[in-house]
Amino acid sequence: CSALLQRALARFIDDGGYQRHLERIRPHYRDIRALFRAALATLPAGLRFDDPPAGLCLLGEIEPGLDAGRFMAECARLGLLLAPGSDYWNDPRQGNNRFRITFGSLAAEDIPTVAGILAQAIGSARQSLENRSLL
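Sequence order sets the numbering: in each chain, residues are counted from 1 along the sequence as written. Reporting of local features is limited, given that this is a predicted model, to residues whose pLDDT is at least 70; pairs of side-chain atoms are given and counted only at 80 or more, and all residues count toward the totals for whole chains, interfaces and linings. To get the side-chain values, all heavy atoms of the structure are used, and hydrogens and water are removed first.

Each helix corresponds to a stretch of at least 4 residues labelled H or I by DSSP, and each strand to a stretch of at least 2 residues labelled E; elements are numbered beginning at the N terminus. The number of helices and strands found in the protein is four helices and four strands. Taken from N to C terminus, the helices and strands of the protein fall in the order α-α-β-β-α-β-β-α. For a compact globule of 135 residues, the expected C-alpha radius of gyration is about 14 Å, and the protein comes in at 19 Å, more than 25% above that figure. Dimensions of the protein, computed from the C-alpha atoms along their principal axes, are close to 65 × 35 × 25 Å. We call two residues in contact whenever any of their non-hydrogen atoms come within 4.5 Å of each other. Sequence-distant contacts in the protein: of pairs separated by 6 or more residues, those separated by 24 or more amount to 63%. Residue burial considers only the protein chains on display, and all accessible areas are found by Shrake-Rupley using a 1.4 Å probe. Within the structure as shown, the protein displays about 8500 Å² of accessible surface, and the carbon and sulfur contribution to it stands at 56%. Looking at the protein, you have 16 positive and 15 negative side-chain charges, and the mean spots of the two groups are 3 Å apart. When we talk radius of gyration, it's over C-alpha atoms, and the globule rule is simply 2.2 Å times the number of residues to the 0.38. By the counting scheme adopted, Arg and Lys are positive, Glu and Asp are negative, and His together with the chain ends is not counted. Every charge is mapped onto a representative atom, which is NZ of Lys, CZ of Arg, CG of Asp or CD of Glu.

Per-residue confidence from the predictor is given as pLDDT, running between 0 and 100. Per-residue confidence for the protein gives a mean pLDDT of 91; residues scoring 70 or more make up 94%. Confidence, read as mean pLDDT per element, is least for helix H4 (residues 111-134) in the protein (85) and greatest for helix H1 (residues 3-14) (96).

Attention now goes to the pattern of salt bridges. Put simply, a salt bridge is a Lys or Arg side-chain nitrogen that is within 4 Å of an Asp or Glu carboxyl oxygen. Tallied over the full model, the rule gives eight salt bridges. Put simply, Arg 126 and Glu 63 hold a salt bridge, and the shortest N to O gap is 3.8 Å. Here the residue Arg 126 occupies a position in helix H4, and Glu 63 occupies one in the loop between strand S2 (57-62) and helix H3 (68-77), the gap between them amounting to 63 residues. The shortest N-O distance in the salt bridge between Asp 91 and Arg 93 comes to 3.0 Å.

On to the layout of surface pockets. As defined here, a cavity is a set of points on a 1 Å grid over the protein atoms alone where a 1.4 Å probe fits but cannot get out. A pocket is an open set with protein on both sides within 12 Å along at least five of seven lines, and residues line them when an atom is within 4 Å of a point. Grid points are joined across faces, edges and corners, and a volume is the space filled by probe spheres set on the points. In this structure, the largest pocket spans a volume of roughly 270 Å³. What lines the largest pocket is Leu 22, Ile 25, Arg 26, Tyr 29, Arg 30, Arg 33, Pro 53, Ala 54, Gly 55, Leu 56 and Phe 103. When the residues that make up the lining of the largest pocket are grouped by side-chain class, the tally is seven nonpolar, one polar and three charged. In the scheme used here, Gly and all other residues not listed as nonpolar or charged are polar, with Ala, Val, Leu, Ile, Met, Phe, Trp, Tyr, Cys and Pro taken as nonpolar and Asp, Glu, Lys and Arg as charged.

A word on the side chain of Arg 33. In this fold, Arg 33 is placed in helix H2 (residues 17-40). If we skip the residues at most four places from it in the chain, Arg 33 touches Asp 51, Pro 52, Leu 58 and Phe 103.

Here it is as structure tokens:
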């Protein structure tokens, strides 16, 4: 970016503005993360989430054997965009049943909706598996 913007950012950091900003927003993100984790704990079987020590995203895993493509497609159809886990592995096959979900832009009142979408999508993936086994 431009030298002017770089100098402005450097001054913001040097003057303590960035540190004050972090101190102000950390409690908010800590609370959102706790609410999100609590909502995820109520989801039906078939999904597992990591618990990283920091960051604004979680890495989720779909139970082996479930249709990960159907899960991702259903989430997208319902308005929840997830990043495919295969984008985060050197060997994309290792991340086929994983996905990345952010909570950094969620408001507390949106969390039940997101959890509902995940529950509906995992149900759809499970149904797809059951339909295949009937064939």
